[in-house]
Amino acid sequence: MWTLPVISFAVYAVLYAIAEKVSKRTRGIVSSLLFLSIAYLIGFLTGIFPKDAISATGIPVILSAFGTVAIVTNLGTLLSLKQFAAEWKTVAVCLGGIAALAAFGVLLDGVVFDEFFGLCTIPAISGGVVAMMIMKDALVSCAPKLIAFTMLLFALHSFVGIPMAGLMLRKYCMTSPRLDTAPVNAAKKELLPSVLRVKESEAGVVLFARLAVVMALAAILAHLTQDVVPASILGLLLGVIMAELGFLPENPLQKCGYYDMLIFFMLSTVVDPFALIDLPSLLDCLVPLLFFMVGGCGVVMLGGMLVGKLLHMDARLACALSCACMIGFPGTLIVAQDVVDGIGYEDEALHQTMRESLGIKMVIAGFATVSTSSIVIASLLVPLLQS
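Residue indices follow the written sequence of each chain, beginning from 1 at its first position. Where local features are concerned, this predicted model is filtered to residues with pLDDT of at least 70; where side-chain atom pairs are given and counted, the filter is 80 or more; whole-chain, interface and lining totals use all residues. Processing note: side-chain calculations cover all non-hydrogen atoms of the structure and skip hydrogens and water entirely.

Considerations on the overall build of the chain
Step number 1: Here a helix means four or more residues in a row that DSSP labels H or I, a strand means two or more in a row labelled E, and each is numbered from the N terminus. Secondary structure assignment for the chain yields 19 helices and 0 strands.
Step number 2: Here the chain holds 387 residues, and 53% of them are scored as buried.
Step number 3: Residues count as neighbours in contact if any of their non-hydrogen atoms are within 4.5 Å of one another. Pairs at least 24 apart in sequence give 82% of the contacts found in the chain among residues at least 6 apart. The buried label applies to any residue whose accessible area, calculated with a 1.4 Å probe on protein chains only, is under 20% of its type's maximum; exposed applies above 50%, and partly exposed to all values in between.

Regarding helix α2 (residues 32-46)
Step number 1: In a helix, the anticipated span is given by 1.5 Å times the number of residues less one. With 15 residues, α2 ought to run about 21 Å at 1.5 Å a step, and its terminal C-alpha atoms sit 21 Å apart, in line with that.
Step number 2: Along α2, the residues classified as buried are Ser32, Leu33, Leu34, Leu36, Ser37, Ala39, Tyr40, Leu41, Gly43 and Phe44.
Step number 3: Positive backbone phi, approximately 85°, marks Gly47, located one or two places after α2.

Looking at the packing of helix α9 (residues 158-175) against helix α18 (residues 331-343)
Step number 1: Angles shown run from 0 to 180 degrees and are taken between the N-to-C directions of axes, each axis being a line fitted to C-alpha atoms and, for helices, limited to the stretch in contact. Two elements in contact, α9 and α18, have axes whose closest approach is 9 Å; the angle formed by their N-to-C orientations is 45°. In terms of orientation, α9 lies oblique with respect to α18. Here the hand of the crossing between α9 and α18 comes out right-handed. Along the contact surface, α9 presents Ile162, Ala165, Gly166, Leu169, Arg170, Cys173 and Met174, while α18 presents Val335, Ala336, Val339, Val340 and Ile343.
Step number 2: Within the contact of α9 with α18, the residues separate by chemical class into 10 nonpolar, 1 polar and 1 charged. Between 65 and 115 degrees an angle is taken as roughly perpendicular, under 35 as roughly parallel, over 145 as roughly antiparallel, and anywhere else as oblique. Crossing chirality is assigned from the near helix's rotation relative to the far helix, an anticlockwise turn below a right angle marking it left-handed and a clockwise turn marking it right-handed. Classification convention: Asp, Glu, Lys, Arg as charged; Ala, Val, Leu, Ile, Met, Phe, Trp, Tyr, Cys, Pro as nonpolar; all other residues, Gly among them, as polar.

Details of the environment of Val214
Step number 1: Take Val214: it is sitting in helix α10 (residues 204-224).
Step number 2: Considered as a pair, Val214 and Ala70 are 144 residues apart in the sequence and their alpha carbons are 9.0 Å apart.
Step number 3: Beyond its immediate sequence surroundings of up to four residues, Val214 is in contact with Thr73, Leu238, Gly239, Met242, Phe247 and Leu248.

Description of the confidence of the model for the chain
Step number 1: Of all residues in the chain, 84% attain a pLDDT of 70 or more, and the chain-wide mean is 80.
Step number 2: No element of the chain has a lower mean pLDDT than helix α7 (residues 129-139), at 60, and none a higher one than helix α17 (residues 315-322), at 93.
Step number 3: Residue-level confidence of the predictor is summarised by pLDDT, bounded by 0 at the bottom and 100 at the top. Taken together, the stretch residues 180-186 has pLDDT below 50 and engages in 14 contacts with residues farther than four places along the chain or on a different chain.

Looking at the pattern of salt bridges
Step number 1: For this analysis, a salt bridge means a side-chain nitrogen from Lys or Arg found within 4 Å of a carboxyl oxygen belonging to Asp or Glu. Inspection of the entire model under this criterion finds 4 salt bridges.
Step number 2: With a shortest N-O distance of 3.3 Å, Glu87 and Lys361 are connected by a salt bridge. Placement of Glu87 in the loop between α4 (81-86) and α5 (88-108) and of Lys361 in helix α19 (residues 348-386) is noted, with a sequence separation of 274 residues between them.
Step number 3: Among the residues examined, Lys361 registers a relative accessible area of 3% and is labelled buried.
Step number 4: Between Asp341 and Arg355 there is a salt bridge; the shortest N-O distance is 2.9 Å. Remark: Arg355 occurs in helix α19 and Asp341 occurs in helix α18; sequence separation between them is 14 residues.
Step number 5: Taking the relative accessible area as the measure of exposure, Asp341 reaches 33% and is therefore partly exposed.

Quick look at the nonpolar core
Step number 1: Membership of the largest hydrophobic core comes to 116 residues, with the highest contact counts inside it found for Tyr12, Leu36, Tyr40, Ile71, Leu169, Cys173 and Leu358.
Step number 2: Of the residues forming this core, the biggest block, 11 residues, is contributed by α19.
Step number 3: Among residues more than four places away in sequence, those in contact with Leu169 are Leu317, Ala320, Val335, Ala336, Val339, Leu358 and Met362. Take the buried Ala, Val, Leu, Ile, Met, Phe, Trp, Tyr and Cys residues and link them wherever side-chain atoms come within 4.5 Å; each set so joined is a nonpolar core.

Rendered as structure tokens:
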């Protein structure tokens, strides 16, 4: 039965729908991302779901082609250049969290558990797929338990990061319904010829075509830099610029009706790595996994909070932003939006502003850690593991 792609797709769609209802019923305390993660982890471990339950849906093929770049480019259109530059505090807070995590891993390496467990914790918690790909070849020559520990920590650390980020964001939103950013709807400068500027009456497919052109430009620039600067980061920046110039409207994916579908696709990338986990390896590494997941999350939040205090940022917001390294995209966006939707501000304008602004902050926080600093850390650790 599972050999039919439509069955795998239907199961994922039903679980996604249930996850959305759970998120709304719990007012964002149990996010849709957390629910899906638990459901698929249990399914993979018990054998209810085959290991290719996600890949069989065909969704990963779509996402690898354009999904991530489309979402982040769309997010860029919600920011002005001034707002984008103003997010330097978000980046600083996140780097403070990563610095604290690095100190934690180095100081405890070989002290509490086996050698290199502490060092491998740093990229596993703060990194994404690229960081783990860098680490993978170096780990081949290491002890099997260290390999299992690193890969399991990479796959499972979101189980701590997601609820902690959600909790901190919820506490922040419940008591501080204002953000230190300018209004999202900034006036667009008419710097392009009228023939290139977006029109109010343009059809959805035309808006998506405009977005696709910007996505393609991001991909070309990333290729020219040999992916030193990822297409996702370039897409975010180009989204800001093209919206300022008037080539893109604000939130084009929402206007053309594709946004919710792409988010539906994107969540599958978070649960797919759980297919790599088997029960014996999980039980063998359970104690160090719990220690470094909980301890790592604690020091990341502490580091972010200390930097946030220096920059006069709310401590709860700083803690949530620093946790972005343990979630990654699209989880950073989903957690923020689930929290705001769960609270449900009576003022619709405030609700939309909080939803967009917090989502942007969390996405930038994730890019500052998962897409950049973690790759640097992983590259530095490779020579140590191979020595």
